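# Observations on chain architecture
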Amino acid sequence: MVYQNNKGFQNALLSVCQPGTLTLTSGGRLARHLKHQYRASEMATGKMGWPSPDILTLNAWSLEAWNMTWSLIRPLSHLSCLALWKEASSRIPPPEMFLPDLKLFQALDETYTVLIRHGLPTGGSSAPATPLIQWRQEIMQTFEAMAMDLKGFHPALLPVHLTQAIIAGTVRLPAAIVLAAFEAPAPIEEALFDSLASVCPVRRFDLPAGTPEKINGVVMPSRTQEVAWLTQQLVMDAQTVPLNRIGVVVPDIETYIPYITQAFGETMEVPLDQTLSSHNISIGTLLVERSLVQAGLLPLRFWTQGEPRTLLLSMLLSPYYGLWAATGRDRIARADCVWRAHGLDAGLSSLLHVLLSQSPGLFALLNSEEQTLEQALGVFMQTPARTGAEWVHILERFWEAVGFPVISDEADTGAWQRLRSILHCIREDLKTADMSLGDFMGVLHHLLSEELVHIRGSEEAGIQVLGLIESRGLSFEKLYVLGLSDGSLPRPVRPLPFLDMWERHKVRGATAESQYTFAQEAFRHLLACAPDITLTRPAEESAEPLAPSPFWAEAVAEETRHTVDLWNAPDRVWARAAWLQQAKKGLERTAVFPPADPPVEGDLLPETLSVSQLAIAFVCPFRFYVQAVLNLFPLDELILGISPLERGNRLHKVLALFTNRCRDKGLAGKKDRPAMEALLETCSDEALVSDCGEGSYTGKDALGRHSWGMERCRWMGETKGVLVPGLLTQWLDLELQRLDEGWRWLFEESSFEGLTSPEWPFSISGRIDRIDYHKENGLILWDYKSGEHPSRAAVLEHLADPQIPAYVQAAKERRIAGFEKELESKIHISGGYITLKTPSAVTHKELITKGGVWDQVLKKWKKAVASLGKRLASGEFRAEPYPVSDYIGQEKACQYCRYGPLCGRNEAG
Amino acid sequence: MTLPPDNEARELALDITQSHHVEAPAGSGKTMLLVARFIKLLSHVGHPHEILALTFTNKAVGEMKTRIVGLLQKAHSGLQPTSRLEAALLENAKEALEHHEAHRFLLLSPEGLQVMTFHGFCYTLVKRAPLDAEVPPESVVLEEDEQELVLDESIREMLHDILSMPEEAAERRAFENRLLRLNNRLPALVDEIKDLVRKRDLFSDLVTALRTYPGLGDFETALARRTGGVVEGFLKEASEAFKTTSLGQRWDAFWSHLKEKVAPNAHFLPENLPETAWTDLAAWKAISEALTTKDGKPRQQTGPTMGGFYKRFGKGPWAEHVRGLPAEATRLLCDLKDLPGPDASLTDIDTLADLIILVARAITTYERRCRQQHVLDFVGLEQAALKTLGEETASDLQLFLDHRIQHILVDEFQDTSRSQWTLIQRLCAGWAPGDARTVFVVGDPKQSVYAFRKAEVRLFLAAKNGIPLSGQGLLPLTNIQLEANFRSQAPLITWTNQLFGRTAMADPKGAFDEVPFQASTAYPRPQDEPQTPLVSLNIFFKDNSISSPPEAEAEYLAQTVQQVLVQRPAGTNIGILLFTRNRLYLYLNALRKIGLAVRVKEGLKVAEQPEVVHLYQMATALTRPHDDLAWVSLVRSPWAWIDANLLLKIARMSPVSWSQKLKLAAEQHPEIERIERAIDLGRPRVGRDSLAQVVRDVWMALDGPAMVAARFGAEGVTNCRLFLEVLESIETRIPEETLLRLDIALETIYAPESPDAASTPIDLMTVHAAKGLEFDVVFLPFLDWRPLAVGHHPPYLLERSPEPSGLPLIAMGPDRRIGEPEPAYRLLKRLANGRKLGEAKRLLYVAITRARKELYLSGLAKNTKLGPKAPKDSPLAWILTHTANHDTELISTSLNPVGPMVAPEKTKQVKPLPDPVPFEAQPLPYLFETPSKLVDTSLYAQVTTKEETEPAEHAAIRGTITHRIIETLWHNGELPQTASISSALAAEGMNPGTAAAVAQEIADEVIACQKEPFFKWLLDRTLPDGKSEYAIEAVKAPGTIQAGVLDFVKQDGDRWWIVDFKTSRPEAGQGETEFIKEQAEYYLPQLRAYQDMLAKEKGVDTAQVRVGLYFTGFQQWHEIG
Ligand code: SF4
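In this report, the structure presented in the accompanying data block is examined.

Calculation rules
- Residues numbered from 1 in each chain as written.
- Chains lettered and ligands numbered in written order.
- Predicted model: local features only at pLDDT ≥ 70, side-chain atom pairs only at ≥ 80, totals over all residues.
- Heavy atoms only, no water.
- Helix = DSSP H or I, 4+ residues; strand = E, 2+ residues; numbered from the N terminus.
- Rg over C-alpha atoms; globule rule 2.2 N^0.38 Å.
- Buried < 20%, exposed > 50% of the residue type's maximum accessible area, 1.4 Å probe, protein only.
- Contact = heavy atoms within 4.5 Å.
- Areas by Shrake-Rupley, 256 points an atom, 1.4 Å probe, with all protein chains shown as cover.
- Lys, Arg positive; Asp, Glu negative; His and termini not counted.
- Charge placed at Lys NZ, Arg CZ, Asp CG, Glu CD.
- Core = buried A, V, L, I, M, F, W, Y, C linked by side-chain atoms within 4.5 Å.
- Pairing = 2+ DSSP bridges.
- Axes fitted to C-alpha atoms, helices over the stretch in contact; angles between N-to-C directions.
- Near = heavy atom within 4 Å.
- Nonpolar A, V, L, I, M, F, W, Y, C, P; charged D, E, K, R; others polar.
- Buried area = accessible area lost by both parts, 1.4 Å probe.
- Salt bridge = Lys/Arg side-chain N within 4 Å of Asp/Glu carboxyl O.
- Phe/Tyr/Trp six-rings, centres within 6.5 Å; stacked < 30°, edge-to-face > 60°.
- Lys NZ or Arg CZ within 6 Å of the ring centre and 35° of its normal.

### Considerations on the overall build of chain A
- From N to C terminus, chain A includes 39 helices and 27 strands.
- Taken over the C-alpha trace, chain A has a radius of gyration of 39 Å; the compact-globule value for 909 residues is 29 Å, which it surpasses by more than 25%.
- Seen through its principal axes, chain A has C-alpha atoms that stretch 125 × 70 × 55 Å.
- Each of the 909 residues in chain A was classed as buried or not, and the buried ones make up 57%.
- Long-range pairs, those at least 24 residues apart, make up 75% of the contacts in chain A with a sequence separation of at least 6.
- For chain A, the accessible surface area stands at approximately 36800 Å², while carbon and sulfur atoms represent 52% of it.
- Charge separation in chain A, taken as the distance between the mean sites of 88 positive and 107 negative side-chain charges, equals 3 Å.

The following block contains the structure:
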């Protein structure tokens, strides 16, 4: 029969849809639409009830018909097939390079389906076979034999079996059959149709090739622009055409979905009322991509991915876990602060242990009354291998224990139901063979990735966005076809690696020729969808030119080029977008951002500032404000190995312990190097003992512990292999030299406080790492540095670091208790840095050696502190690295500062 | 019009019977040549897929496809040519179409032609032949950010594995040694390993060597051999240069003279000029010591302690020869001093072995992970593709490609990497000259600037000799040199020829992959060539007028751009090209300051834009309630600003978290209440909706777009929208993971084109990004760029030996705790630096040749008495050397020039939005209802219904099958076999053991039913008016349709019966009556709906429809009254 377009096609079909006639369609969308049309026509005649028309997809009917034959053999489920492929691959192992995994089985399954559909022998052809093809042939034979043993067959074989049953007369058939839209059936379908025709009247209604009244070709600069333009057209069309009469067909729909969803969301009302629909996108999202599902998988992933902190935290913070959601995310999240502070990134027991010891209150929040988190999660680890059904049971029990899922809306409900039904399939189909947790996770993930969930919308109301296949046989008033560029139509050739060349030439989509033929047919049918069709394509994407599809030139007499310029040529459709409305309003005014902070009022500064706080204020008052006044710090970053801060702390600790003990034991005086080195080792071990671990170097995980072990090696030198001196042994040698020169270690970690001046609004306190004394050369106040130390000029001229001047001043003012005797005479007092970065660069850097004068420096320094103090006291905490910015450079001051987003410095440019 | 000077060469290039190697300088129209050859080939091959065109970028593929298909389509539609050149092409295109009548569609379809990137082609091979490729089927190629994730996971796994090993295990020892050498900086070690895994193709043979050689000694020998090769390369160069000097030419006489004078150095200087074997290095070093000073100059002062000469040598006849040694020869000689000799300990082999052991482990772990996840990175892809082609022959190719490749064309051949070169060789395996198969490679070695992507320009040069085929010798290529430059004006070309031919690329050093310069000629040569200099060089230095030279340069640049725009004809386009991004912001700010809109291509990272930083912090805050800094950032953003005073008040509130402090503060401070209200929209949705959606909504609720637009303009809003798009695209549905992915994704995302710059003629981009583009006027600032980064030593160096084999060499950096670099390391550093400079010169060439008409050069220098002094080894240094040595009128030089004063452009008026057009959603034609759903009391209906005296699933399966049996009974009158019932039960998911028993139960049950009178009457097939599984629909109310399948319907005169079969039974201890009552109540709504539906369908009164449940288990009919 010949029709002009799909409308005629549908009318012709509806005219034969009588009770007793079975209509079989090639796709579900067409079947549903025909049913809708039928319903509408019945209602139009005033009927209140009617028998449902017998319109089904071929696949649905085949299964139904087969069931009614009561055959002793049955089509296997998808999961059973995968399990069979697995079993078969253990008998016929795959080539070494191929892992016998789910993806391989999936690929085999697809190849099997393709071969069967095309009526090709699965066991081989006469062509010479490569080892890969040979393997495929063998494994497929094995698969078939195993399926037979189970009294089953691959679902792809259903049409073959059904054909035989029809011929044998065991299939109940209707009075008449109509075949709709089967222009190019696969060979096995063709055989099935022939068998049907031999026993009952069959009429075929093929899709027409269309010649629309109007056809436009529009080229847009990019995909985003293409969709922006489409949106304009659609909303304007909607003024005159009922929405459901407008279709948008997108051959490469996956690529376009994000663009379309966003643009439609921004310009069209998304109705809250479920009786309304603005648009409907035919493909849904994958079930595995739903939040509920991802949240549900967390416990499995936690174990299969090495118990990472991030996944545990994600589970605790997930809104789907009722147990913790009830406690409140804000509170539970603080657990992460503890983990970060202890450098813990993985391991359930370490994570929980540190929490228990550091924050029992937080720890308690994680456990339910019935069982602890460790017990609840532990169930997954009790036995390494179980059947799929058992894993499902364990997972469900865990979920139940922790209140999963907390459902919030319809979408969640849908996802949960689908998830449960997939688990049900696993429970039914994987009852016997044992699998690891990883395998179970793999199977579950695979099934979840196969399942599409439709996003809300109606097929009979709202603008219809669909893929090429779904559009078959549908009819619209206006149709847009998007993305007609290279690779969209025809699609790239399917690789099908398990087919040989001869087979590929027989299989649809496996050669450029067949892809083209298919695309050509599809395009011709597409043109029958509407009288008014607009084809669009992007000229380029990511600055890469995109050539048009070959059908473009065929259909478009003259293409037009447009651009959408929302900013300079705004239009009425995009004027609907709330963001654009807001932005336009914003453009009309000019804002100063960041606004200047007024002076902060109130009692701001503590009476005493530590030297390190003062150092921060010197670099940047705003940073000082945030850290010292607001007490706000960034989250600890997890660094692989040892954090520089922690490294410095521990080093300080060893040095302090060591010099102190040396003095106590009189080792310093004796300069007994072996004994001193032994002591150094003892002190190192002591400094490395954890605050919360069990005799290990630290409470960290294995990697952290190992890093500290290495650190000890770095300190003490390598004992094996190449002899490299240790950082501390090297340091010890230098110290011994100094002891020889007559220096004495007086004190370590000496505190001082109350350092002040009438012009300062605060007093300064501090702690000096070490103080050395020499009869002639005087006192030196040392600061240990495990990294670079500031230059002499930075300290003395530019006053970039207030530390040493503060120490010297404190000493001069006799604020450091304990060495009054040494201070009796007019003694030279100086300060400096002992740098311990690498063994080859251990240095003692005295800033002003004997003979030099500190007075000038200190005077200048006190003035600088006074001026800074005045500023801080008046509440001026501007984000200006001050007063040394010129010296260190603002860039540098800000480079490693994490407060950039607060101070507004980034914005100022 | 006259023909281009290289017309003959161009025609030869279109001889499709021959293979060619074409050197095509900038602007010579090589893409057109490729297109022309492709089309010509099309008209001769048996199938279009016999031609394979390979390039490096998708962009190039897109361009080539568009041109080829465009021409074929034009020929197909019979359109007229627009030029003579096009006429010829169309003629060929027509022939091609006729020739491939059967495959015409392939020619008209871009997808139908084999024009691919190398990677695209590799992927085709790998997908088709996974076994040969040794790759799991269905593997996909990783994006760079995904590769990072897999790499991170692999490193973690590797570290975990290593730490689980016993202390004496080689890998553990290697790990610890290496860690200590890096001063126990684990992140540094991890970076080093990751870097080497990414480059694993470059040194795979070393890994293999270490694995296969029995002891480290052999490994060391292998490395030493390669090192010797490098040294010999340097020796050869120095020797050749020295031999041309007067001293070199008369060396024997010179030596005899020294001997005669009993000069001390006569003892250690060789009598004859040595050869260039590694063992001759010592002799060469002696010559170098004698003749040159430490700083690379010829010795001026000589004496026993100065070069070992006799006392009065300086006055003798040979002194002048020594003093007058040419600079280049002296430099080369001097450079020899530092080279390691064959007896030197080259490198600490144990340390090197440690690194390789570790990296080998990392590679194994990484590749295993890739295999498990069915993914490939680009290195893996290339290696896999090579495997498909085999070492010896490409014959297998036929087994997985549908057509044998007969002709290969390669564009931008100068950017070929070693793997790609091998791929080409393997594709050509078995080819012979004259067998109708051809190769056509085209490129410009002077434009080879992708060493960081493993391009090796030397391969281009090597290919001139032909393509080496395994076991077959060379497949010869005819060399073609193009010369005509269609792009630039003649004076510009002349100046470029001079700069590179005489200075920058004169005397190319092979070891450093420097390439010989080939000049080009302008075509067509216009009659009225401009006389004024077209190249302007502007040098900036600190003096009284200028305190900040970089700012002065930027200001000058902006003002001159403005001037060019005003003075040149409309349509003039301007390219500002940068070697690096260092001063990009400086230039951009200067341009913006005077109101010039600029299109910045891949210049500004979107993540660094301030408005994006705030959105990023918002995403972080919403994800991590404990990230106090992110929460405070949120209230210090353009859309939610609170001042420092209020911050202090909040800080002093009691809750620990800032997220909670803010909640509390909202109760007291309206400005925070506004913020909290917006956040509350998002907070509960985190983890449910996509993070991008949540952030977008909170941002909008805070009037974000307006605030951003007010401060940062449309550009800011565009940046924010791109950020949200990126966030959406990497959504994982686990917010913490999304955030982690975001960091990686943002690394490579640049700010989009600013809406203000939509129609600007000014483009700002890196030189790399400008490759393939052209501009009327080019600005090239920052010529003081120094390609050799000063500073620390990288932990290792990996370079190819300059020998033809190009084998890799690796050397370790110094031990961070103590060390000095080793000789091998110093050698490689020299090689690496030399190559970097070579590439920098080529980059300068690319930059300069982008200009059609004018070129503005600028950079910073030091002001010295002798004039401006450019930083060493910088483009400015090369240019200044050139201008100093070769006076040219084609360039004008200015010192500290001041650009013309330009007033900033007035800000544009904002175009208001028109009234929004209305849009309304459409009502659904009807709602659909299924009465069976009316009984669903909860989500868990199937679990909690009363049908359960057995497991829920079994009850449901039993029900399904019993219904099916009754339907069969009605249609066939026969009960299915028990075996069939059992099989059906199993098909529904019941396990086979249970199924057999249940099947028997069901069969017995149905047989019992058949004996029961009501059932018997119901299924009496002699009474025709029954329907089993009867599907009907009815209008429930306007706009609502009910649909359902009625188990059984029977007409009895004017009465109708609806029977709903129930297979469930009472629970233990429950009486039948009680059970029936319960079930009846339960199904009442459904049955009533059915009653109503059937009445409507039959057009009868509901009273005429009787409805009830039939319990098959105890054969009882229960009518609902
Ligand atoms: S980024 Fe710079 S200005 Fe801002 S707080 Fe940090 S140091 Fe101060």
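### A closer look at the nonpolar core
- In terms of nonpolar packing, the biggest core is built from 152 residues, with A:Tyr625, A:Ile764, A:Trp861 and B:Met618 touching the most fellow members.
- Tallying contributions element by element places helix α32 (residues 704–729) of chain B first for this core, with 11 residues.
- Other than its neighbours up to four places away in sequence, A:Tyr625 contacts A:Val600, A:Leu630, A:Phe877, B:Ala644, B:Asn645, B:Leu647 and B:Leu648.
- Within the second largest apolar cluster, 118 residues are counted, among which are A:Met140, A:Leu366, A:Ala415 and A:Leu499.

### Some thoughts on the environment of A:Leu728
Residues and elements named next belong to chain A.
- As for its placement among the helices and strands, Leu-728 is situated in helix α32 (residues 727–741).
- Judged by its relative accessible area of 0%, Leu-728 is buried.
- Placed 44 residues apart in sequence, Leu-728 and Ser-684 show a C-alpha to C-alpha distance of 9.4 Å.
- Beyond its immediate chain neighbours, meaning those up to four positions away, Leu-728 contacts Leu-651, Val-654, Leu-655, Leu-680, Ser-684, Trp-715, Met-716 and Leu-836.

### Section: helix α25 (residues 578–588) of chain A
- Of all the residues in α25(A), the buried ones are A:Trp579, A:Leu580, A:Gln582, A:Ala583, A:Lys584 and A:Gly586.
- Check the buried side of α25(A) and you find it contacts α10 (253–267) of chain A together with α31 (691–701) and α32 of chain B.

### A few points about the sheet that holds strand β21 (residues 559–561) of chain A
Residues and elements named next belong to chain A.
- The strand order across the open sheet formed by seven strands is β11-β16-β9-β17-β18-β8-β21, and the pairing between neighbours is parallel. Either end of the sheet is taken by a strand with one partner, and the two such strands are β11 (279–281) and β21. Neighbour-to-neighbour, the strand axes of this sheet turn through a mean angle of 20°, independent of strand direction.
- In this sheet, β21 lies alongside strand β8 (residues 214–220) in parallel orientation, the contact comprising three bridges. Within the sheet, the bridge partner assigned to Val-219 lies in β21 and is Arg-561.

### Here's the deal with the site of the ligand
Residues and elements named next belong to chain A.
- Around the ligand, a shell composed of Cys-620, Phe-622, Arg-623, Ala-879, Ala-893, Cys-894, Cys-897, Gly-900, Cys-903 and Arg-905 is seen.
- Counting only elements with at least two residues in the shell around the ligand, the list comes to α27 (621–629), α38 (890–895) and α39 (900–903).
- Across the shell around the ligand, the residue classes tally to seven nonpolar, one polar and two charged.

### Some thoughts on the environment of A:Pro405
All names here are of chain A.
- Topologically, Pro-405 is positioned in the loop between α19 (388–401) and α20 (410–429).
- Counting along the chain gives 268 residues from Pro-405 to Arg-673, while the straight-line C-alpha distance between them is 66 Å.
- Residues in contact with Pro-405, not counting those within four places in the same chain, are Leu-292, Tyr-320 and Trp-416.

### Description of the interface of chain B and chain A
- Every contact between the two is made by 164 residues of chain B and, on the other side, 179 residues of chain A.
- Here chain B meets chain A over a buried area of about 14700 Å², counting both sides, of which 61% is carbon and sulfur.
- The tally of links between chain B and chain A comes to 10 salt bridges.
- Here B:Lys65 makes a salt bridge to A:Asp486, at a shortest N to O gap of 2.8 Å.

### A closer look at the packing of aromatic side chains
- Counting across every chain of the model gives 65 aromatic pairs over all chains.
- Between the aromatic rings of B:Phe413 and B:Trp421, the centroid separation amounts to 5.7 Å while the plane-to-plane angle is 65°, which identifies the pairing as edge-to-face. The same class applies to B:Phe413 as to B:Trp421, namely buried.
- Taken together, the ring pairs connect B:Phe242, B:Trp251, B:Phe254, B:Trp284, B:Phe309, B:Tyr310, B:Phe313 and B:Trp318 into an aromatic cluster.
- The residue whose ring lies beneath A:Arg386 is A:Trp391, and the NZ or CZ to ring-centre distance is 5.2 Å.
- Stacked on the ring of A:Trp552, the Lys or Arg A:Arg537 has its end atom at 5.2 Å from the ring centre.

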